[in-house]
Amino acid sequence: MMRGGVGNVVLAPISEVLARLLVQAAKTVLAAKDVLIERESFNELSSYLERLRPILGELSERSTNDTPTMRTALEAIEQQLKVAKDLMANCSNKSKFYLLMRCRSIVKQIEEVTRELGRCISLLPMATLDVSLETRRETEELMKTMGEAQFHAAVAEEEIIDKIESGIRDRQTDSDYANDLLMQIAKHVGVSVEPQALKQELKEFRKEKEEALLRKNQAEAVQLEQIIALLSRADAATTATEKNEIYMKKRGLGGGGTLPPLSSFYCPITGDVMDEPVEIASGQTFERTAILTWFKAGNRTCPITKVELENLDVKPNQALRQSIEEWRERNTAISISAIGPRLRSGKDQEVSDALQELHQLSEEKAQHRYWIASENLIPVLVDLLNNGTRSIRTHSLATLKSICVNNDDNKEAVAEAGAIKMAVRSLARDVVEGGQAVAFLLETSKSSKICEKIGKVQGCILLLVTMLNCENPHAVEDAKELLENLSNNDQNVVQMAEANHFQPLAQRLTEGADMTKILMASALSRMQLTDQGKAALAKRGAISPLVKMISSGKLEARSAALGALQNLSTLADNRDYLINAGAVPPLLQLLFSVTSGVMSLKETAAATLANIAKSSTTAETKIDTNGNILESDETIYQILSLLNLAGPVIQSHLLRALLGMSTLPAAISVRNKLRAGGAIQLLLPFCEAADVEVRVNAVNLLYCISGDGHGKEMSEHLGPTYIEALVQLLNVSTRDDEKAAAMGILENLPSSDLHLTQVLLDAGALHAICNLLTVKNTNTSTRFVRNQLLENTVGALLRFTGAHDDYLLKTAAELDVIPKLVQLLVAGTPLAKQRAAMALSQFADCTRRLSVPIANDHACFWLGCIPSKLEPGCIVHSGRCSVKGSFCLIAAEALVPLVQTLEEREDGAAEAALGALKTLLLGENGERGAVAIADAQGIIPIIRVLTVGTPGAKEKAVSILERLFRIEKYRAAYGSQAQMPLIDLTQKGSITTRPVAARILAHLNVLHNQSTYF
């Protein structure tokens, strides 16, 4: 205890003062949470007090010495905390309207108490106290910040105050002005705009004026009275029943027609009824603009009395202005009542004129919209939407939209009358009517009740989405805003997505509550999306939140998100979005999980993973940005291990995933990992799987990993059983892609293995190959797959034709292989043509040996027989040739197709065709073969190869030309065309082609036989 000075008053210990201050500071901080206005400013003050509390706490803990300086400072702080708390209390229990009117004063008081608290804190003798250095620094910073603190009313509050002051200064009597002001105030302070709530708040506001009078604060009471008078002109606080009563009273004053204006209503200068009557020094009243123009012209006299005026001041004639307003309102009410019969007249022009007049009245004042409803004209207007012409419907929509502005009662009445459905119908009509319809629906959608009804109208959302692409820019903007309003309903959002408007759904996935996200994801998983739709969803950010849902969501959320991701992953272009969102790790985690709860999700996860892997487009693209996880050794081996543990559906998806990862030509590392992981042994049994998808994907994957020169490794594991299984697929499968893969495996097997060739022959592979060696145009597969099947088939045939085995060649020929190969030269792909030409060349190599000589007359004469007519021999081989007996190219009519193949852009086909043609020039048949090639128009294409062919093709072409140009007529006809390409070859050709080209040039007399080119 400490004794004070005067009268030795006993003072509380300094520790108790500090404890009391800590409690008071905490209570003041809590009180700031209950204020009704200037919350930001009060929160800033609270933040300063929160910083003060630790300082006071440390002073309390350190047993601060009780000195006069310390006590003075603490008592000053305590006094200011009480001031702050009292201010907060006043801002918590007063009328919200009153507090808004006092916002500038309140902000000023907050600033004063904050700065004063900063000054009081500066009185603390921190330099002499036993406190930490950090506390000293914080105290210094706090008192400086608080001492310089500045507070300002919010911009919106300043705007409201300015509008109030302007209304009072201009003596505003317009109800629309008052309505707008009242609504602005109510929304800012959080008061409902319902009439009863506004009426109650105005009642509380009037009480504040009475309290000001009791406090004898005359200035405040006068100010509040002026504000009350301004706001009282608003009818927003009037119920619909009260508005109807006012209208009926005004309407009943008219008798049979409108009331004529009183003479005092006219301006003496303009002769028109005044809008803003003002009184001048002479006591006369004029229209404000007219008298100001008079004065501006230099006149200082009264226009009526001609007396010079003492001053040029003007003041509003409020009583006359109110009388004019009353007269106008009565006539407006009478006019509205007279419009009804005109709208019901059935005469288009009269109805149209009435609609325009009604629309104009509705636009003039907000209260006129209530009066139109009181006259029961809303059902009439709605009926015109159903029965009127296009022009009348358009005007009716514009009028209905106008009477709904800032009027929820009218919105509900319009909806009850059935206008919403009819307006939706108008959306599908012409651009002008549709534009008015969407503007009307947009206005009514500002009511949450009506907005819900709009979304339920069948076809509404689809029409609105379609309107986003119309030619009317205003309609487009209105449609956008209306769709945004409708997007507050989850079902509407789903409908928008189904109509290809995806932004709201994508936003819900990102920002929505958990159940909303599940609803959106579930809907997305069921949608039949176009590729454009899938791309749009990915672009709008739908994938990332879905990935988060499968990573951390509950089972229901994970299931919905997985379905949605599977749907989106079917578009190859979405692959990068999925990877960048981190989709791969959680998908793998689900696949490898043994938790019973996620077992049902594995099929979807496997399908999504397969889609991602299948969508690979470049070898450089990583499957996952965090370490290429999908292609890692561990992942590949785990997927392989899952194959024998999963059901057929998951097996199929996993095989698709592996296939997608390994199909690219440059994905050799993945193929190597699969081979190293025992994929060949694991996959071969699947060649006999009952499930078609599993079998097809397995065979395709085997085909993929049997390439890269690893056919021998494949052959080591095949054995007769699996070879028979593959051949069986060639014979019975209904899937061309499966046949193409099986044939590709056979093609990749090493052709030098004669034992394997015999096993294949025993299994019927040659028969199966010959059966598939026909160009077919079917609808059961794509052209790519059909082409691949043909290419692989003729590739597999080459192991038999290239074996130099007459038995194999004759067997193949008996199966009509040669005509089929010739047909491939005509209609096959470049690769098929190349392989077909190679096979024909291998057949043709045997023709000279197999061609049967024809008996001559001399032999017949010496034998004593009568010679018959000589059988014509082959034009090249002279003997008896046939397709199946000697494999003759001439008999097979292959010469022209081979020449045509020389025109192929693919160099391999041209080189193979030249190889086949070259067989016609061997031995003693060379000249006849050359003639046959020339007759088939082959010389020009061969010359062309000298310029554009591969080195191998040029070598064969120059060899053929050398034989052709031994014949004079061909040298004369074609030598000049071949000269330049040949000269170029002598300079740039290979070591093989240069001397042959020089020899031809010698035939053409371009080079001497002794040239060094030889």
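Being a predicted model, the structure only gives us computed values, none of them experimental.

Draft legend 1. View of the overall build of the protein chain. From N to C terminus, the protein chain includes 54 helices and five strands. A globule of 1014 residues ought to have a C-alpha radius of gyration of about 31 Å, yet the protein chain, at 49 Å, is considerably larger. C-alpha extents for the protein chain along the principal axes are approximately 160 × 95 × 65 Å. Classification of the 1014 residues of the protein chain by burial places 50% in the buried group. Of the roughly 48,200 Å² of accessible surface on the protein chain, 50% is carried by carbon and sulfur atoms. Across the protein chain, 109 positive and 121 negative side-chain charges occur, with their mean positions spaced 1 Å apart.

Draft legend 2. A look at helix α45 (residues 830-844). Taking 1.5 Å of rise per residue, 15 residues should cover 21 Å, and α45 covers 21 Å from first to last C-alpha, within 8% of that figure. A832, K833, R835, A836, A837, A839, L840, S841, F843 and A844 are the residues of α45 that are buried.

Draft legend 3. Here's a closer look at the packing of helix α34 (residues 648-662) against helix α37 (residues 692-705). Look at α34 against α37: their axes get within 9 Å of each other, and the N-to-C directions meet at 25 degrees. Between α34 and α37, the interaxial angle falls into the category roughly parallel. Crossing hand, α34 versus α37: left-handed. Contacts between α34 and α37 involve P648, Q651, S652, L655, R656, L658, L659 and S662 from the first element and E693, V694, N697, A698, N700, L701 and C704 from the second. Considering only residue class, the contact of α34 with α37 consists of eight nonpolar, five polar and two charged.

Draft legend 4. Representation of the sheet that holds strand β4 (residues 285-287) within the structure. Spatially, three strands are ordered β4-β3-β5 in an open sheet, and the strand pairing comes out antiparallel. Either end of the sheet is taken by a strand with one partner, and the two such strands are β4 and β5 (315-316). Where strand β3 (residues 277-279) and β4 come together, three bridges link them in antiparallel fashion. Counted as the bridge partner of E279 is T285 from β4. Those strands touched by helix α12 (residues 288-296) are β3, β4 and β5, and its axis lies near 95 degrees from that of β4.

Draft legend 5. The nonpolar core, seen in detail. Membership of the largest hydrophobic core comes to 176 residues, with the highest contact counts inside it found for L524, L546, L821 and L964. Ignoring anything within four residues of it in the chain, the contact list for L821 reads L773, V794, L797, A836, A839, L840 and F843. In this structure, L45, A153, Y177 and L224 belong to the second largest nonpolar core, which totals 72 residues.

Draft legend 6. Region of the structure containing the pattern of salt bridges. Scanning the model with the defined rule gives 50 salt bridges in all. Here R342 ties to E357 by a salt bridge, and the two come within 2.9 Å at their closest N and O atoms. With R342 in helix α13 (residues 318-343) and E357 in helix α14 (residues 348-364), this pair connects stretches of sequence that are 15 residues apart. The residue E433 makes a salt bridge to R429 at a minimum N-O spacing of 3.2 Å. Residue classification places E433 among the buried positions, given a relative accessible area of 0%. By sharing partners, the salt bridges in this structure join R104, E158, D162 and E165 into a single network.

Draft legend 7. Structural view of the packing of helix α50 (residues 926-935) against helix α52 (residues 951-964). The N-to-C vectors of α50 and α52 enclose an angle of 105 degrees; their axes lie 9 Å apart at closest approach. In terms of orientation, α50 and α52 fall into the roughly perpendicular class. Side by side, α50 and α52 meet where G926, E927, A930, I933 and A934 of the first sit next to I960, R963 and L964 of the second. Across the contact of α50 with α52, the residue classes tally to five nonpolar, one polar and two charged.

Draft legend 8. Just the state of the cysteines, in detail. Under the definition given, this model contains zero disulfides. Summary of cysteine pairing: C460 is not part of a disulfide, and the nearest cysteine sulfur, belonging to C451, is at 9.5 Å. In this structure C460 comes out as buried when scored by relative accessible area, which is 0%.

Draft legend 9. Examining the packing of aromatic side chains more closely. Enumeration over the complete set of coordinates arrives at three aromatic pairs. Their ring planes at 70 degrees and their centres at 5.1 Å tell us that F843 and F887 sit as a pair that is edge-to-face. Of the two residues, F843 sits in helix α45 while F887 sits in the loop between α47 (857-862) and α48 (895-901), which places them 44 residues apart along the sequence. Note on accessibility: F843 and F887 belong to one class, buried.

Draft legend 10. A look at the environment of L427. Among the secondary structure elements, L427 is positioned in helix α19 (residues 419-427). Overall, the relative accessible area of 7% leaves L427 in the buried class. For the pair L427 and M467, spaced 40 residues apart in sequence, the C-alpha separation works out to 8.0 Å. Not counting residues up to four positions away in its chain, the partners in contact with L427 are G434, A437, V438, L441, C460, L463, L464 and M467.

Draft legend 11. Structural detail: the environment of P504. Among the structural elements, P504 can be located in helix α25 (residues 503-511). When the C-alpha atoms of P504 and N492 are compared, they prove to be 9.4 Å apart, with 12 residues separating the residues in sequence. Those residues within four positions of P504 in sequence are excluded, and the remaining contacts are S487, V493 and M496.

Draft legend 12. Quick peek at helix α6 (residues 133-147). With 15 residues, α6 should reach 21 Å at 1.5 Å per residue; the first-to-last C-alpha distance of 21 Å fits that figure. Residues of α6 that are buried: T135, T139, L142 and M146. Seen from one end, α6 has its buried residues packed into an arc of 70 degrees, which puts them on one side. Exposed side chains of α6 directed beyond 90 degrees from the buried face belong to L133, E134, R137, E140 and K144.

Draft legend 13. Representation of the side chain of S445. Mapped onto the fold, S445 is located in the loop between α20 (431-444) and α21 (448-456). Apart from the residues lying within four places of it in its own chain, the contact partners of S445 are C451, I454, L482 and N485.

Draft legend 14. Fine view of the confidence of the model for the protein chain. Mean pLDDT for the protein chain: 87, with 93% of residues reaching 70 or above. Of the regions scoring below 50 in pLDDT, residues 617-627 engages in 22 contacts with residues more than four places distant in sequence or in other chains. Of the regions scoring below 50 in pLDDT, residues 857-863 engages in five contacts with residues more than four places distant in sequence or in other chains.

Draft legend 15. Unusual backbone geometry, seen in detail. For K216, which is not a glycine, the phi torsion comes out positive at approximately 60 degrees. If you check the backbone angles, E893 has positive phi at about 55 degrees while not being a glycine. Inspection of the secondary structure puts E893 in the loop between α47 and α48.

Draft legend 16. View of the side chain of T757. Turning to its location among the elements, T757 is positioned in helix α40 (residues 754-762). Given the relative accessible area of 5%, T757 is considered buried. Residues contacting T757, with those up to four places away along its chain left out, are S751, R799, F800 and L808.

Draft legend 17. Examining the environment of M183 more closely. Here M183 shows up in helix α8 (residues 175-189). Note: C-alpha distance between M183 and S46 (137 residues apart in sequence) is 31 Å. With residues up to four places along the chain from it excluded, the contact list for M183 reads V193 and A236.

Cut-offs and rules
- Residues numbered from 1 in each chain as written.
- Predicted model: local features only at pLDDT ≥ 70, side-chain atom pairs only at ≥ 80, totals over all residues.
- Heavy atoms only, no water.
- Helix = DSSP H or I, 4+ residues; strand = E, 2+ residues; numbered from the N terminus.
- Rg over C-alpha atoms; globule rule 2.2 N^0.38 Å.
- Buried < 20%, exposed > 50% of the residue type's maximum accessible area, 1.4 Å probe, protein only.
- Areas by Shrake-Rupley, 256 points an atom, 1.4 Å probe, with all protein chains shown as cover.
- Lys, Arg positive; Asp, Glu negative; His and termini not counted.
- Charge placed at Lys NZ, Arg CZ, Asp CG, Glu CD.
- Expected span 1.5 Å × (residues − 1).
- Axes fitted to C-alpha atoms, helices over the stretch in contact; angles between N-to-C directions.
- Parallel < 35°, antiparallel > 145°, perpendicular 65-115°, else oblique.
- Left-handed = near helix turned anticlockwise from the far one by under 90°.
- Contact = heavy atoms within 4.5 Å.
- Nonpolar A, V, L, I, M, F, W, Y, C, P; charged D, E, K, R; others polar.
- Pairing = 2+ DSSP bridges.
- Core = buried A, V, L, I, M, F, W, Y, C linked by side-chain atoms within 4.5 Å.
- Salt bridge = Lys/Arg side-chain N within 4 Å of Asp/Glu carboxyl O.
- Disulfide = S-S within 2.5 Å.
- Phe/Tyr/Trp six-rings, centres within 6.5 Å; stacked < 30°, edge-to-face > 60°.
- Arc of directions from axis to C-beta.
- pLDDT = per-residue confidence, 0-100.

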